[in-house]
Amino acid sequence: MSPSLVQLVDIPAHGDARGQLSVAEIGGALPFTVRRAYWIHGTQPGVSRGFHAHKKLRQLCVCVCGSVRMVLFDGRREESVVLDSSTKGLLIGPGLWREMHDFSPDCVLMVYAAAEYDEADYIRNRAEFILTKKE
Ligand code: T46
């Protein structure tokens, strides 16, 4: 059986009477050194994002507030997962088409990336992405 495209990792939370503190660190939830972090927020109702793949980039996505549905496609199979917890991270490796749908108005999606921003690492055309899988 093929491995799942959706790779979720647990993010430990330290809760006490004051609230929660969640941790992503190397050797824990993070399997790579973080070179960049960005966050997606203020997404307008009905708007979807993503629609690209990365050639090399590895990322960990954590929905720290609200919810979003992530869709992953490897050129053959498509899988989807709703991220709605700050204690679950979605690892997305290279060679996966990703889309983000159904953002809640309060959604804040944190993304930890293994490399700096590089537009040359993106494949933004779905047909071109599918062709890379046939090479
Ligand atoms: C991904 C999904 C989950 C930068 O200048 N620096 C950055 O580090 C990033 C990530 C983006 N940008 C610029 C490029 C565009 O002009 O910000 C603009 C929006 O980026 P984009 O349309 O690629 O955003 P999303 O939400 O479609 O995709 C993003 C990431 O780009 C991508 O790596 O995997 O989130």
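Just so we're clear, the structure is a prediction, and the values are computed from it rather than from any experiment.

Draft legend 1. Layout of the overall build of the protein. Per the secondary structure count, the protein includes 1 helix and 12 strands. In sequence order, the protein lays out its α and β elements as β-β-β-β-β-β-β-β-β-β-β-β-α. Against the 2.2 N^0.38 benchmark of 14 Å for 135 residues, the protein shows a C-alpha radius of gyration of 15 Å, consistent with a compact globule. Across its three principal axes, the protein shows a C-alpha extent of roughly 55 × 35 × 35 Å.

Draft legend 2. The site of the ligand, seen in detail. Close to the ligand lie 13 residues; Arg36, Arg49, His54, Gln59 and Tyr122 are nearest. The separation between an oxygen atom of the ligand and a polar side-chain atom of arginine 36 is 2.5 Å. A distance of 3.2 Å is found between an oxygen atom of the ligand and a side-chain nitrogen or oxygen belonging to tyrosine 38. Contact with the protein chains covers 68% of the free accessible surface of the ligand, which is 650 Å². The set of elements that each furnish at least two residues to the shell around the ligand consists of β4 (36-41), β5 (49-54) and β10 (97-101). When residues of the shell around the ligand are assigned to their parent elements, the largest contribution, 4 residues, is made by β5. For the shell around the ligand, a count of residues per class yields 5 nonpolar, 4 polar and 4 charged.

Rules used throughout
Residues numbered from 1 in each chain as written. Predicted model: local features only at pLDDT ≥ 70, side-chain atom pairs only at ≥ 80, totals over all residues. Heavy atoms only, no water. Helix = DSSP H or I, 4+ residues; strand = E, 2+ residues; numbered from the N terminus. Rg over C-alpha atoms; globule rule 2.2 N^0.38 Å. Near = heavy atom within 4 Å. Polar contact = N/O pair within 3.5 Å; in protein donor to acceptor, adjacent residues only side chain to side chain. Areas by Shrake-Rupley, 256 points an atom, 1.4 Å probe, with all protein chains shown as cover. Nonpolar A, V, L, I, M, F, W, Y, C, P; charged D, E, K, R; others polar.

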